[in-house]
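Chains, contacts and geometry: an overview
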Amino acid sequence: MTTPVAPLPAGFRVVLDTSARRLSADSWLGGSPARVIRLTAAGQAAWQELATGPVVSPRAGALARRLTDAGLAHPRPPTPRHDPDVTVVIPVHDRVDKLARCLAAVGERHPVVLVDDGSREPGAIIELADRFGAKVIRRPVNGGPAAARNTGLAATAGELVAFVDSDCVPPAGWIDVLAAHFADPLVGAVAPRTVPAPGASGGWAGRYAGTTRSLDLGGTPARVGSNTRVAYIPTAAILVRRAALAEIAGGGPAAGGAFDTTLSVAGEDVDLVWRLDKAGWRIRYDPTVEVRHLEPETWAGLLGRRFRYGTSAAPLALRHPGSLPPLVLFPGPALTVAALLARRPALAAAAYTCSVLRTVRTLRRSDLPVREVARATAGAVGRTWLGVGRYGTQYALPLLAAGAAGGGRRRWGRRAAVASLVVGPALAEWAGRRGSMDPVRFVLGRLAEDVAYGSGVWTGCAHNRTTIPVRPTIGRRAHGSRGTRP
């Protein structure tokens, strides 16, 4: 028997996700992962309440919880009645010039704890702290961001803790907006949108970083969790409930071990979010707040960061099985793409048709509309092609190059297929972003990043003696209905 989940509290409103589609009077499609939700008569009455105002009745609160948990809708919290009880923790290792910008933006409204993680010039950190009224805790040896955040957490006592990296510049009032979400007692963490700070270098690397916006998770709100549209949130800027951190640390209110210090290079933020999610806490991504982040302005800095991120894939995959698939292949679209790459159009058409017919049959069994199945299946084929190409450039670029270099009568067709896999995903991304980059430089930069990340993943795999992070997963496309009975 499933334990009932607490309804979304009174006063919350909900807004539908951009993916939500109304299939009929009593059914919706959308969310992440995509699903169909059916509403009973009581559920339809509850939806009428949500569509016209905030949660008032327990029935509407229960429906709001189900919709927001499924990613079909997102909560809009009421205006708080009291100032939030927040302490700001800023870990820093050198980067004094960036720290000054961060402290000026954070201000003095909330207590600030600076954790000097073994900086070479501690006097400069202390001077800045005195200027901005912050408390300093000195770690004599550099232990990495996880250890520094644990040290800062142990020195705080507020209900909420805001972790901010020293190269971030938050906007005024950002804490108030994010803290409003904690009126929901199940919310354990909320993160803003992280975007590049203006004024970056006009060089190729700086413009590329400003165009790709590597930490930017987009402008759509989300419930965060593994295998969803927003699988994690960076802790460059994040607001967290102390009780949630204490629970996953296995200690009391003053526990300071929430971040895994064995992930000293990268991945500690992903690990934290996934442990909170597994513990039943809701993690929200709220892009209405934009925190500026100072991006690397050299290729060495950019590619070095991507390599470090890659090394965290293996330990994360071992800690969280099934949460980090590099590629998920669904049989129908995968077979269609394979046939197209092999230049077998008849086989590709047969695979596509079978996939459409199978989906239509499944939907009709559930008495659901089938009018958009062909278009949706075509979209799945396109996404599979892009995913296979990105996977190949990250983890198997030498094999792709060897395949393109092969001889024989069909070498030009083979080369065209390989080129579509290598260049296609980067070009598709450029078309969606544009910015100030021409396509050639953008594609070269993306390929360099992919190779750097893939090299980091393979390095982590060798160190941890596992191949889990590079193994594709075969998925099953689930179609069906789910009744919502508040």
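About the criteria used
- Residues numbered from 1 in each chain as written.
- Predicted model: local features only at pLDDT ≥ 70, side-chain atom pairs only at ≥ 80, totals over all residues.
- Heavy atoms only, no water.
- Axes fitted to C-alpha atoms, helices over the stretch in contact; angles between N-to-C directions.
- Helix = DSSP H or I, 4+ residues; strand = E, 2+ residues; numbered from the N terminus.
- Parallel < 35°, antiparallel > 145°, perpendicular 65-115°, else oblique.
- Left-handed = near helix turned anticlockwise from the far one by under 90°.
- Contact = heavy atoms within 4.5 Å.
- Nonpolar A, V, L, I, M, F, W, Y, C, P; charged D, E, K, R; others polar.
- 1 Å grid on protein atoms, 1.4 Å probe; cavity = no way out; pocket = protein on both sides within 12 Å on 5 of 7 lines; lining within 4 Å.
- Points joined across faces, edges and corners; volume = space filled by probe spheres on them.
- Buried < 20%, exposed > 50% of the residue type's maximum accessible area, 1.4 Å probe, protein only.
- Right-handed = clockwise from strand over helix to strand, strands pointing away.

1. Details of the packing of helix α13 (residues 345-365) against helix α14 (residues 373-395)
For the pair α13 and α14, the least separation of the axes is 10 Å and the interaxial angle reads 130°. If you check the angle between α13 and α14, you find them oblique. Judged by the twist between their axes, the crossing of α13 over α14 is right-handed. Seen from α13, the contacting residues are Y352, S355, V356, T359, V360 and L363; seen from α14, they are V373, A374, T377, A378 and V381. For the contact of α13 with α14, a count of residues per class yields eight nonpolar, three polar and no charged.

2. Describing empty space enclosed by the protein
Overall, the coordinates contain three cavities of 30 Å³ or more when judged by the stated rule. One number sums up the size of the largest cavity: a volume of about 50 Å³. If you go around the largest cavity, the residues you meet are R65, T68, D69, P75, D184, V187, R223, R282 and R284. Elements represented by at least two residues in the lining of the largest cavity include exactly α2 (58-70) and β14 (282-293). In terms of residue count, the dominant contributor to the lining of the largest cavity is α2 (three residues). By residue class, the composition of the lining of the largest cavity is two nonpolar, one polar and six charged.

3. Some words on the pairing of strand β6 (residues 86-92)
Here β6 lies mainly inside the structure; seven of its seven residues are buried. Burial along β6 is two-sided: the residues V86, V88, I90 and V92 and T87, V89 and P91 are all buried. Crossover β6 to strand β7 (residues 112-117) through helix α3 (residues 96-106) is right-handed.

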